[in-house]
Amino acid sequence: MEKQIAVLIDGDNISAKYSEYIKQEALQYGNVKIFRLYGSVNSKTVKAWYNVMPLQGIVPVLQISYANGKSIADQALTIDAMDLLYSNDVDVFCIVSSDSDFTKLVYRLKEAGKTVVGMGEKKTKEALAKACDEFKILDLIYKEANEVEDEETEEVQEVAAKSVEEVVQPSTIEEGTEEEEVEEVEVEEKEINIPPEKEIIDYILEYIDSYVDSAEEEVNLADIGRILKQKYLGFDARNYEHKNLTKMIKSHSDCFTVRSEKASDRIHSVIYIRRK
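Reading guide: rules and limits
- Residues numbered from 1 in each chain as written.
- Predicted model: local features only at pLDDT ≥ 70, side-chain atom pairs only at ≥ 80, totals over all residues.
- Heavy atoms only, no water.
- Helix = DSSP H or I, 4+ residues; strand = E, 2+ residues; numbered from the N terminus.
- Buried < 20%, exposed > 50% of the residue type's maximum accessible area, 1.4 Å probe, protein only.
- Contact = heavy atoms within 4.5 Å.
- Salt bridge = Lys/Arg side-chain N within 4 Å of Asp/Glu carboxyl O.
- Pairing = 2+ DSSP bridges.
- Axes fitted to C-alpha atoms, helices over the stretch in contact; angles between N-to-C directions.
- Parallel < 35°, antiparallel > 145°, perpendicular 65-115°, else oblique.
- Right-handed = clockwise from strand over helix to strand, strands pointing away.

Draft legend 1. Highlighting the overall build of the protein chain. For the protein chain, the count of helices and strands is 11 helices and nine strands. When each of the 276 residues of the protein chain is scored for burial, the buried share is 43%. Residue pairs in contact within the protein chain that sit at least 24 positions apart in sequence constitute 64% of those at least 6 positions apart.

Draft legend 2. Representation of the pattern of salt bridges within the structure. By the definition in use, this model includes 13 salt bridges. Two residues, R238 and E25, come together in a salt bridge whose shortest N-O distance is 2.7 Å. Taken together, the residues R238 in the loop between α10 (221-231) and α11 (245-250) and E25 in helix α1 (residues 19-27) connect sequence positions 213 residues apart. What makes R238 buried here is its relative accessible area of 16%. In this structure E25 comes out as buried when scored by relative accessible area, which is 1%. Close ionic contact of R238 with D236 constitutes a salt bridge, the shortest N to O distance being 2.6 Å. A relative accessible area of 12% means that D236 is categorised as buried.

Draft legend 3. Region of interest: the sheet that holds strand β9 (residues 269-275). Read across the sheet, three strands follow the order β7-β9-β8 without closing on themselves; strand pairing throughout is antiparallel. What marks the edges here is a single partner per strand, and that holds for β7 (219-220) and β8 (256-262). Where β8 and β9 come together, seven bridges link them in antiparallel fashion. Note that in β9 the partner of K262 across the bridge is S269. The strands touched by helix α9 (residues 197-211) are β7, β8 and β9; relative to β9, the strand with the most contacts, the crossing angle is about 85°.

Draft legend 4. Representation of the packing of helix α4 (residues 73-87) against helix α5 (residues 103-111). Where α4 meets α5, the closest approach of the two axes is 11 Å, and the angle between their N-to-C directions is 0°. In terms of orientation, α4 and α5 fall into the roughly parallel class. From α4, L77, T78, A81, M82, L85 and Y86 reach across to α5, where they touch L105, R108 and L109.

Draft legend 5. How the structure looks around the pairing of strand β6 (residues 134-137). The pairing of strand β5 (residues 115-120) with β6 spans four bridges and is parallel. From the neighbouring strand, V117 faces β6, where its bridge partner is E134. Between β5 and its parallel partner β6, the chain crosses via helix α6 (residues 126-131), and the hand of that crossover is right-handed.

Here it is in structure tokens:
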């Protein structure tokens, strides 16, 4: 039975230029049953989605701000995700945001046995990316698919892609009252690091050496792909200007021998590789 997918987009945080690629990536996991965008009605980033949503079949879930400069769209997305979790009608959640505030939500969905695919820009903090089963880096996917971009259009999209920063005003303390100082522990938040292609190839070679007993033994490329996604956050062959992992491996013909055979369904192919 085909898996049912819920795609929940943080519209305040994600540019509308990624809409087509978000849907394409989500469809790889099954049928997109839920496709929603959450955001503030006053957000410039969300307004850029207005013309895109009908074309992609996205349902808007727009919120008003109860306090100046403060969006409640994140809470709405989280509440809906939990409602969908308890309905038990969704197998895979795609959380589309570069905001690490969704990290706890991702952990909760995974604890309930759901697969969580994250999508966001390269600026996403490692905490969120590591929490997901897989993480897709949208700006790199977009760049690979659109090598030539009109400069004027790109400038407009970049403006629309800027996150709405929440401004926190310092609270005033009345005279005669004391405020207990609580020392905050700062946690360093690292952005996703994309390793060079050479590091990926070297790791694959090391893995093959440790996995096989003889030089003639082959390894299923699909297994290597799963291991790479676990080791390297957001790993995607398209980050290195290759259409897929098979193309990437074939471009290193000095290192690998590639063999293909028909799968049991006689439709798909199974790719095996070994070290030269």
